[in-house]
Amino acid sequence: MGALIHLNERQILVIGGGPAGMMAALTAARQGGQVTLLDRNRKLGRKLRITGKGRCNVTNDCTPTEVLQNVPRNSRFLYSALSQLGPSDVKSLFEELGVPLKTERGNRVFPQSDRADDVADALVRAMEEAGVRVRTGRAVAILTENGAVTGVRLENGRRLSADRVILCTGGLSYPDTGSTGDGYAMAKALGHIMEPARPSLVPLVAEDFQGLSLRNIAIQVKNQDGKVLYRDFGELLFTHFGLSGPVILSASAHMRDFEHTKYTVEIDLKPALDDKTLDARLLRDFQQNANRDFQNSLNALLPQKLIPEVIRRSGIPPEAKVHDLTREQRHALLLVLKQFSVAVIGPRPVRDAIVTSGGVRVSEVNPSTMASRLVPGLYLCGELLDVDGYTGGFNLQIAWSTGYTAGCWSVWDE
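Residues numbered from 1 in each chain as written. Predicted model: local features only at pLDDT ≥ 70, side-chain atom pairs only at ≥ 80, totals over all residues. Heavy atoms only, no water.

Asker: Please clarify how the pattern of salt bridges should be interpreted in this entry.
Answerer: Under the criterion given, the structure shown has 26 salt bridges. Here Arg49 makes a salt bridge to Asp121, at a shortest N to O gap of 2.9 Å. Note that Arg49 is positioned in the loop between strand 3 (34–39) and helix 2 (51–54) and Asp121 in helix 6 (residues 116–130), a separation of 72 residues in sequence. In this structure Asp121 comes out as partly exposed when scored by relative accessible area, which is 27%. (Salt bridge = Lys/Arg side-chain N within 4 Å of Asp/Glu carboxyl O. Helix = DSSP H or I, 4+ residues; strand = E, 2+ residues; numbered from the N terminus. Buried < 20%, exposed > 50% of the residue type's maximum accessible area, 1.4 Å probe, protein only.)

Listed below in C-alpha cells is the structure:
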C-alpha cells in the first residue's frame, strides 16, 4: 500500500475542482476548515470555463422558488440548499470577488466581461486567499474505518487522510474536462444507489437537413399523445445527426422517457405572423411571382436549403405555375410553415450533453447538509446528485447552492 500522507488536523478534502467543488472548498475554508482541493486537472474549473459558449451563465436572477420551478427532477431536495445560498447570494458573492455581472433575456446572469474564465479565476484567487491547498491527482476510492470516512486513495496508490470528504466530481458530460463518472464509482462502492445517468440539455437525433440554421423560430415539443410538453422561441440548428441549438437543448430536458414515449418537435417557421397575416403574405408573394414555377417562388420566404422539403410536405407539384395554385394548396403550404414537424429518434450520447441527469439517489443524502446518510464524514454535491435543471443558469445555481451547503456543514457537523 502507498504511504499515508497526513494533512492538517480536522482536514476537509474536496474531490473535484468544478463549480460545486470550488464553492465547497472556498466556503469550508472561510468557515475555518483546513481544506485541500483535489482535482485531476492542473487547471481548475475546466468545464466551468466553457459553459455558456465561454460566457458562463452564472445564475438566474430569480427567487429560490422560481429556481425550484425550473428543476424537473427532485426539486424539493434543493429547498434547504437554496435557502442557504440563493441566486441573490450568488450574485453578491461574485460581485464581492471582483466579477461585475449583468442580466440578459430570461433573467440569465453573465459576467459583464462575457468571459467564463473571469468567474473561474475569481474562485481560484478567493480559494488561495482563504488558504485552500490545491493538489493535482485522481482519487479512485474513499477510505473508511468503522464505516466512517478516513481519507482517499489516489490512482498512484498514495493515500490522503481526512476527517471529511466532499465528493463533487460531476457527471458524465464533457468527459474531456474530467467528468468521467469517477464519483459515481466511489459513491457506489460505499453503498450509495446510482440512478441511471442520462443526457439532459443535449442535441437530438432526428431528420437531417445538415447545415441549416433557423433564427427567430418557435417550437413546441409534443409526446405521442399530442400533448404539448414545452414551448420556446429562438435559434435552432440542423446538424448531420439531427437538431441542436439553444431551443433544442432546453427542449431536451423535457424529453425524459424515450424508452416508452415518442417525441416530436413542431417548428413554427413564421411565429411573428398569425395565420391570417401569413396567408396575406403568401398571396402577395404569389402575385409577385405569378408566372413562375412554384419551386422558384419561395426564395424570399425561406432558406434555400429548406425549400425542397417544404415543397415536398405541401404536396404541391414543384413545377406548378404559381398563378394556378388553389386556395386549398396555399392553405396546405401555410400549415407546413406553421407546423413543420420533426420526429425525434432520441438524444445524443451523454458525453455530448451539457448536464447529466441521474446520479446519487437524493433520499440517501441529507438535504440540509449534503451529508451522506450512509457514510459519516462524506458529503455529496453538484452534478453528482440526481438533480438537474433547465437552461438559464439553474444548473450552476444547483452547483453553487449544494457546494456551499456541503462546505458549511463539513466544518460545522460534529
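That was the structure; now back to the text.
Asker: Can you help me understand the nonpolar core in this one?
Answerer: For soluble globular proteins, the rule of thumb is that nonpolar side chains tend to be buried together. Grouped together as the largest cluster of nonpolar side chains are 77 residues, with contacts concentrated most on Phe94 and Trp400. Looking at this core, the element that brings in the most residues is helix 1 (residues 19–30), giving 8 residues. When near neighbours in sequence (up to four residues on either side) are disregarded, Trp400 contacts Pro19, Met23, Leu48, Val58, Leu85, Val90, Phe94 and Leu123. One finds Tyr230, Leu298, Leu302 and Val310 within the second-largest nonpolar core, a separate group that totals 41 residues. (Core = buried A, V, L, I, M, F, W, Y, C linked by side-chain atoms within 4.5 Å. Contact = heavy atoms within 4.5 Å.)

Asker: Please explain the pairing of strand 14 (residues 212–222) as it appears in this structure.
Answerer: Regular strands place their side chains on alternate faces of the sheet. The pairing of strand 14 with strand 15 (residues 228–238) spans 9 bridges and is classified as antiparallel. Counted as the bridge partner of Lys222 is Val228 from strand 15. Counting the residues that bridge the hairpin from strand 14 to strand 15 gives 5 residues, and of these Gly226 lies at a positive phi of roughly 85 degrees. (Pairing = 2+ DSSP bridges.)

Asker: How should the sheet that holds strand 16 (residues 242–244) be read in this particular structure?
Answerer: In sheet architecture, strand pairing relies on hydrogen bonds along the backbone and comes in two forms, parallel and antiparallel. Spatially, 13-16-15-14-17-18 is the arrangement adopted by the 6 strands of the closed barrel, whose pairing is antiparallel. For this sheet, the mean inter-axis angle between neighbouring strands, taken without regard to orientation, is 45 degrees. Relative to strand 16, strand 15 runs antiparallel, the two being bridged by 2 bridges. Looking at the pairing, Leu237 lines up with Ser244 of strand 16. Taken strand by strand, helix 11 (residues 327–338) contacts strand 17 (263–268) and strand 18 (340–347), and its axis lies near 115 degrees from that of strand 17. (Axes fitted to C-alpha atoms, helices over the stretch in contact; angles between N-to-C directions.)

Asker: Explanation requested: the packing of helix 1 against helix 12 (residues 394–412) in the structure shown.
Answerer: Axis angle and axis distance: for two packed helices, these are the angle between their axes and the distance between the axes, and together they describe the pair. Relative to each other, helix 1 and helix 12 sit at 35 degrees, their axes nearing to 7 Å. The hand of the helix 1/helix 12 crossing is right-handed. Where helix 1 approaches helix 12, its residues Pro19, Ala20, Met23, Ala24, Thr27 and Ala28 are matched on the opposing element by Leu396, Ala399, Trp400, Gly403, Tyr404, Gly407, Cys408, Ser410 and Val411. (Left-handed = near helix turned anticlockwise from the far one by under 90°.)

Asker: How do you make sense of unusual backbone geometry when you look at a structure like this?
Answerer: Only a minority of non-glycine residues have a phi that is not negative, and only a minority of peptide bonds are not trans. Even without a glycine there, the phi angle at Asp114 is positive, about 60 degrees. The phi torsion at Asn216 lies on the positive side, around 55 degrees, for a residue other than glycine. In this structure, Asn216 sits in strand 14. Judged by relative accessible area, Asn216 falls into the exposed class, the value being 51%.

Asker: Explain helix 9 (residues 275–288) here, please?
Answerer: One turn of the α-helix equals 3.6 residues, which is why residues spaced by three or four share an orientation. The terminal C-alpha atoms of helix 9, which comprises 14 residues, lie 20 Å apart, in line with the 20 Å expected from a rise of 1.5 Å per residue. Buried within helix 9 are the following residues: Leu278, Arg281, Leu282, Asp285 and Phe286. Burial along helix 9 is one-sided: seen end-on, the buried residues are contained in an arc of 135 degrees. Seen from the buried face of helix 9, the exposed residues on the opposite side, beyond 90 degrees, are Lys276 and Gln287. Where helix 9 is buried, its residues touch helix 11. (Expected span 1.5 Å × (residues − 1). Arc of directions from axis to C-beta.)

Asker: Is there a simple way to explain the packing of aromatic side chains in this structure?
Answerer: The description of two aromatic rings rests on the distance between their centres and on the angle between their planes. Across all of its chains, the model carries 4 aromatic pairs by this definition. Judged by centre distance (5.0 Å) and plane angle (70 degrees), the rings of Phe258 and Tyr263 are edge-to-face. Take Phe258: its relative accessible area is 22%, and that puts it in the partly exposed class. Using a relative accessible area of 5% as the deciding quantity, one classes Tyr263 as buried. Residue placement shows Arg55 over the ring face of Phe110; its charged tip is 3.9 Å from the ring centre. The ring of Phe340 has Arg313 lying over it, and the distance from NZ or CZ to the ring centre is 3.9 Å. (Phe/Tyr/Trp six-rings, centres within 6.5 Å; stacked < 30°, edge-to-face > 60°. Lys NZ or Arg CZ within 6 Å of the ring centre and 35° of its normal.)

Asker: Looking at this structure, how should I read the confidence of the model for the protein chain?
Answerer: Detailed reading of the predicted coordinates is not advisable wherever pLDDT falls low. The share of residues in the protein chain with pLDDT of 70 or more is 95%, and the mean pLDDT across the chain is 92. A low-confidence stretch, residues 1–8 stays under pLDDT 50, and its non-local contacts, those more than four residues away or across chains, total 19 contacts. (pLDDT = per-residue confidence, 0-100.)

Asker: Teacher, can you tell me more about the environment of Ser368 here?
Answerer: Within the secondary structure, Ser368 is located in the loop between strand 19 (355–360) and strand 20 (378–380). As for Ser368 and Leu78, which are separated by 290 residues in sequence, their C-alpha atoms are 8.5 Å apart. Ignoring sequence-local partners within four residues, the contact set of Ser368 consists of Ser80, Gln84, Thr405 and Trp409.

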